[in-house]
Amino acid sequence: MKKIFIAILAIAAVSLTSCNNWLDINNDPNSVSSVDNGLIMPAAEINLLTCYSFNHIMGSFFSEQWAQKTGGPNTMAFAQWNTQDGGLCATTSNRIYSYAYNKILNNVETIRINSKDSEGKITNAGDYLAATVVRCFTFHMLADMFGEIPYTEALDPSITSPKYDDGQTVYSGILAELNEALSLDLSGAKSCDNILFGGDSDVNNWITFGNALKLRILMRQSAVANSKSELDALVAEGNFPEQDIAYTCFSDEAGKDNPVYDNFVRAIGDNNARRSQDISAHMAVLGTMNSYNDPRVSAKFRPSVNYGIYEGNFIDSQQSIEKGAGYCDENTFSEPELTYNTPVYLITVSEVNFLLAEYYATIANNPAMAETYYKAAIDASCEQCKVSGAENIYASGSPYEWNAAKAAELIGVQKWIALTGVNGFESWCEIRRTGYPAFGEYTGKQIYTTWVELADENIAASKDNPTPLCEDLVKAGVFSYGTIFTPSKAEDIANNLMLQRFRYPSSSNTTNANIPAQKGKGDKMFWSK
């Protein structure tokens, strides 16, 4: 299991070959000040790609967009929300923590140092802004994973045991850093070579990325911190990305393709058929999309092998018992639509529009504008999926027709769907923050009990495929569309509570005397609902 993450790291390094042959510079920032920023930035970006790809995988399982596939043990820890030390979640989060500090944050700090003169005055505003945006994005990601992280004392080589700052301190700090960088005189400025924008030196790419990141951070803390004035000014400025912020530099070759595809399809799946051995669609999201004929289903999922249907799974084990009892045909379930050139998304136009819809609904008190951006977000999601029919999703009579009284739920569920296969990590963050999609009345264990009963009935009736489907569970009254549930094998967390955090990295536990006492799976972030 640990080999999967290691393979992704190797793939990310090799992938530089398909990203304009960038060099991988991962040295101590104090010893590489003479290296051109245009060589250091791609090294930071490619390591961010590595970390965020794996966060996307884990978040997709936590958000119940993806499920454990029959017979595939590699992702079982994700499906069971198992973050305990020694498990795959803990192993991967440890490596993400290490890569983030050593190979992302150190590199962009070097760029920030290189962008100043000997007196500390910023002389290269474009590079400084680009490095600051990547730095703040990374700290934001880490804070949303672990809750408390080294920030104010991080990256100082004279401090061997940096203190762990609380999430609010990190948020306040990175917002201040973004404000400083975005307020620089950027007229005529250019940014260094990069991967995210294909080497484009137009500094406006980083301005809009920075603004979108600010919007995400401010909205995430909006229920617990007074962010209205900052949000009002940011929205009034309106300078947000018009294109998704994403890595797109992949080719159809082992080690140069999308890391998730390379590991879960090319390496241990069926590359010719583009089938994964370990991942299937989750019943919660796919069942919800099927309930109103969402046009994005075929863009986000592949039909099942034997039956040609779009059906989600929810059993969070290897299902050997279920298969042995004849309850389950593993080829009933759909899989995520993974391709070699699937982008790795950091922030999308659709997400920005959903955040703006929420801002107008809950902060600016403008229902008409909220509706406009809600529909624009769904439009952008369908455009990303290259499908038509967005208007049918929010049409009159649809369960997702705009209703200002249900704004939080509508935005939350539709964002969950839009982020499926796009950004599982962000989806997990937003479920923790907003509470949507909400938990249904029944837990995974209760749903499983009914599922077995239905399977017994199907076997007794000599059905060709005895596997109970999502609609059968809905008819039985144990599952409702637009909801999620506690996995049947989840432990050490209360029912109907989303997994809140990763454990602090074990590597830090053995080297940093200031690491706090471990918190539980259900201990909430400062911004969690």
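This is a predicted model, so every value here is computed, not measured.

Reading guide: rules and limits
Numbering of residues starts from 1 in every chain and runs along the sequence as written. Side-chain atom pairs in this predicted model are given and counted only at pLDDT of 80 or more, local residue features only at pLDDT of at least 70, and totals for whole chains, interfaces and linings cover all residues. With hydrogens and water stripped out, all remaining heavy atoms of the structure feed into the side-chain values. Runs of E in the DSSP output that reach at least two residues are strands. Runs of H or I that reach at least four are helices, and both are numbered from the N terminus. As defined in this context, the radius of gyration uses C-alpha atoms, and a globule is described by 2.2 Å times the residue total to the power 0.38. Relative accessibility thresholds used throughout: buried, under 20% of the residue-type maximum; exposed, over 50%; partly exposed, between the two (1.4 Å probe, protein chains only). The contact criterion used throughout is that any non-hydrogen atoms of two residues lie within 4.5 Å. Surface exposure here means Shrake-Rupley accessible area, sampled with a 1.4 Å probe, where a residue is shielded only by the protein chains that are shown. For the purpose of counting charges, residues Lys and Arg are taken to be positive, whereas Asp and Glu are taken to be negative. His and the chain ends are not included. In plain terms, the charge of a residue is placed at NZ if it is Lys, CZ if Arg, CG if Asp and CD if Glu. Axis definition: a line fitted to C-alpha atoms, over the contacting stretch in the case of helices. Angles run 0 to 180 degrees between N-to-C directions. Comment on the angle field: the value is read as roughly parallel under 35 degrees, roughly antiparallel over 145, roughly perpendicular from 65 to 115, and oblique elsewhere. Definitions for this section: a left-handed crossing has its near helix turned counterclockwise from the far helix by less than a right angle. A right-handed crossing has that turn clockwise. Polar here means any residue outside two lists: the nonpolar Ala, Val, Leu, Ile, Met, Phe, Trp, Tyr, Cys and Pro, and the charged Asp, Glu, Lys and Arg; Gly therefore counts as polar. Multiply 1.5 Å by the residue count of a helix minus one, and that product is the helix's expected span. Put simply, a disulfide is two cysteine sulfurs that come within 2.5 Å. Among the buried residues, those of types Ala, Val, Leu, Ile, Met, Phe, Trp, Tyr and Cys that are joined through side-chain atoms within 4.5 Å form a nonpolar core. Here is the rule: rings of Phe, Tyr and Trp (six-membered ring for Trp) pair when centre to centre is within 6.5 Å. Planes less than 30 degrees apart are stacked, more than 60 are edge-to-face, and the remainder are tilted. Only Lys NZ and Arg CZ are tested; either one counts as a charge over a ring when it is within 6 Å of the ring centre and within 35 degrees of the ring normal. The working definition used for a salt bridge is a side-chain nitrogen of Lys or Arg within 4 Å of a carboxyl oxygen of Asp or Glu. For the purposes of these results, a polar contact is taken to be a pair of N or O atoms within 3.5 Å, where, inside protein, one atom must be able to donate a hydrogen and its partner to accept one; residues adjacent in sequence count only when each atom of the pair is a side-chain atom. Predictor confidence is given residue by residue as pLDDT, running from a minimum of 0 to a maximum of 100.

### Quick notes on the overall build of the chain
Turning to step 1, where the next piece is worked out: On a plain count of helices and strands, the chain comes out with 20 helices and 8 strands.
Turning to step 2, where the next piece is worked out: Computed over the C-alpha atoms, the radius of gyration of the chain is 23 Å, within 12% of the 24 Å expected from 2.2 N^0.38 for a compact globule of 529 residues.
Turning to step 3, where the next piece is worked out: Considered along the principal axes of its C-alpha atoms, the chain spans approximately 80 × 50 × 45 Å.
Turning to step 4, where the next piece is worked out: When the 529 residues of the chain are sorted by exposure, 59% land in the buried category.
Turning to step 5, where the next piece is worked out: Restricting to contacts in the chain with at least 6 residues of sequence separation, those with at least 24 account for 73%.
Turning to step 6, where the next piece is worked out: Carbon and sulfur atoms make up 45% of the accessible area of the chain, which amounts to about 19,400 Å² in all.
Turning to step 7, where the next piece is worked out: Computed over 39 positive and 61 negative side-chain charges, the separation of the two mean positions in the chain equals 3 Å.

### Topic: the packing of helix α4 (residues 88–114) against helix α5 (residues 125–146)
Turning to step 1, where the next piece is worked out: One way to put it is that α4 packs onto α5 with a least axis distance of 9 Å and a crossing angle of 160°. Put simply, α4 runs roughly antiparallel to α5. Remark: the crossing between α4 and α5 carries left-handed chirality. Contacts between α4 and α5 involve S93, I96, Y97, A100, Y101, I104, L105, V108, E109, I111 and R112 from the former and D127, Y128, A131, T132, V134, R135, T138, F139, M141, L142, M145 and F146 from the latter.
Turning to step 2, where the next piece is worked out: Here the residues of the contact of α4 with α5 are counted per class, giving 16 nonpolar, 3 polar and 4 charged.

### What to know about α4
Turning to step 1, where the next piece is worked out: Taking 1.5 Å per residue as the helical rise, α4 with its 27 residues ought to reach 39 Å, and the 38 Å between its terminal C-alpha atoms agrees with that figure.
Turning to step 2, where the next piece is worked out: Most of α4 sits inside the fold, with 21 of its 27 residues counted as buried.

### Quick notes on the state of the cysteines
Turning to step 1, where the next piece is worked out: A full pass over the atoms with the stated rule returns 0 disulfides.
Turning to step 2, where the next piece is worked out: No disulfide involves C382; its nearest neighbouring cysteine sulfur is the one of C385, lying 6.5 Å away.
Turning to step 3, where the next piece is worked out: This cysteine, C429, is not joined by any disulfide, and C89 carries the nearest cysteine sulfur, 14 Å off.
Turning to step 4, where the next piece is worked out: The class for C429 is buried, based on a relative accessible area of 0%.

### Comments concerning the nonpolar core
Turning to step 1, where the next piece is worked out: Judged by nonpolar contacts, the single largest core of 150 residues is most densely connected at F209 and Y374.
Turning to step 2, where the next piece is worked out: Top element by residues in this core is α5. It accounts for 15 residues.
Turning to step 3, where the next piece is worked out: Among all residues touching Y374, those that are not within four sequence positions of it are F354, A357, Y394, Y400, W402, L410, I411 and Q414.

### Points about the environment of C385
Turning to step 1, where the next piece is worked out: Along the chain, C385 turns up in helix α14 (residues 367–385).
Turning to step 2, where the next piece is worked out: You can call C385 buried: its relative accessible area is 14%.
Turning to step 3, where the next piece is worked out: In sequence terms C385 and A418 are 33 residues apart; their C-alpha atoms lie 9.3 Å from each other.

### Description of the packing of aromatic side chains
Turning to step 1, where the next piece is worked out: Under the definition given, this model contains 29 aromatic pairs.
Turning to step 2, where the next piece is worked out: Arranged with centres 5.8 Å apart and planes meeting at 55°, the rings of F61 and F78 form a pair that is tilted. Here F78 lies in helix α3 (residues 76–79) and F61 lies in helix α2 (residues 37–62), a separation of 17 residues in the sequence.
Turning to step 3, where the next piece is worked out: Taking the relative accessible area as the measure of exposure, F61 reaches 2% and is therefore buried.
Turning to step 4, where the next piece is worked out: Positioned over the ring face of W527 is R220, at 5.5 Å from the centre of the ring.
Turning to step 5, where the next piece is worked out: Residue placement shows R432 over the ring face of W428; its charged tip is 3.6 Å from the ring centre.

### So, the side chain of K521
Turning to step 1, where the next piece is worked out: With respect to the secondary-structure elements, K521 resides in the segment after α20 (506–511).
Turning to step 2, where the next piece is worked out: No salt bridge is formed by the buried K521, whose closest oppositely charged neighbour, D492, lies at an N-O distance of 5.0 Å.
Turning to step 3, where the next piece is worked out: A distance of 2.8 Å separates a polar side-chain atom of K521 from the backbone oxygen of W81.

### Overview of the side chain of S334
Turning to step 1, where the next piece is worked out: With respect to the element layout, S334 can be found in the loop between α12 (320–324) and β7 (335–336).
Turning to step 2, where the next piece is worked out: With sequence-adjacent residues up to four places away left out, S334 is seen in contact with S280, A281, L286, F301, R302, P303, S304, I309, Y310 and E311.

### Side note on helix α18 (residues 444–460)
Turning to step 1, where the next piece is worked out: With 17 residues, α18 extends 24 Å between its outermost C-alpha atoms, agreeing within 8% with the 24 Å of an ideal straight helix rising 1.5 Å per residue.
Turning to step 2, where the next piece is worked out: Directly after α18, the chain includes S462, whose backbone phi takes a positive value near 60°.

### Some details on the environment of Y151
Turning to step 1, where the next piece is worked out: Relative to the helices and strands, Y151 is located in the loop between β2 (149–150) and β3 (164–165).
Turning to step 2, where the next piece is worked out: Counting along the chain gives 120 residues from Y151 to N271, while the straight-line C-alpha distance between them is 42 Å.
Turning to step 3, where the next piece is worked out: Beyond its immediate stretch of four places on either side in the chain, Y151 contacts R135, F139, K163, D165, T169, V170, G173, I174 and E177.
Turning to step 4, where the next piece is worked out: Among the polar contacts made by the side chain of Y151, one reaches the side chain of E177 at a distance of 2.5 Å.

### Let's talk about the pattern of salt bridges
Turning to step 1, where the next piece is worked out: In total, this model carries 24 salt bridges according to the counting rule given.
Turning to step 2, where the next piece is worked out: The residue E177 makes a salt bridge to R135 at a minimum N-O spacing of 2.6 Å. On the criterion of sequence distance, the pair formed by E177 in helix α6 (residues 167–182) and R135 in helix α5 is long-range, its members being 42 residues apart. Of the two residues, E177 and R135, neither departs from the other in class, the shared state being buried.
Turning to step 3, where the next piece is worked out: The partner of E351 in a salt bridge is R216, with the nearest N and O atoms 2.8 Å apart. Pair noted here: E351 is in helix α13 (residues 349–362) and R216 is in helix α7 (residues 204–220), with a separation of 135 residues, a long-range link.
Turning to step 4, where the next piece is worked out: You can call R216 buried: its relative accessible area is 2%.

### Observations regarding the confidence of the model for the chain
Close reading of the predicted structure is inappropriate where its pLDDT is low.
Turning to step 1, where the next piece is worked out: With 93% of its residues at a pLDDT of at least 70, the chain reaches an overall mean of 90.
Turning to step 2, where the next piece is worked out: Between residues 1–33, whose pLDDT stays under 50, and residues either more than four places distant or in other chains, the model counts 77 contacts.

### Quick word on unusual backbone geometry
Turning to step 1, where the next piece is worked out: In this structure, P437 follows Y436 across a cis peptide bond, with omega equal to 0°.
Turning to step 2, where the next piece is worked out: You can see P437 is positioned in the loop between α17 (424–434) and α18.
Turning to step 3, where the next piece is worked out: Phi is positive for E64, which is not a glycine, with a value near 60°.
Turning to step 4, where the next piece is worked out: Mapped onto the fold, E64 is located in the loop between α2 and β1 (66–68).
Turning to step 5, where the next piece is worked out: Take E64: its relative accessible area is 2%, and that puts it in the buried class.

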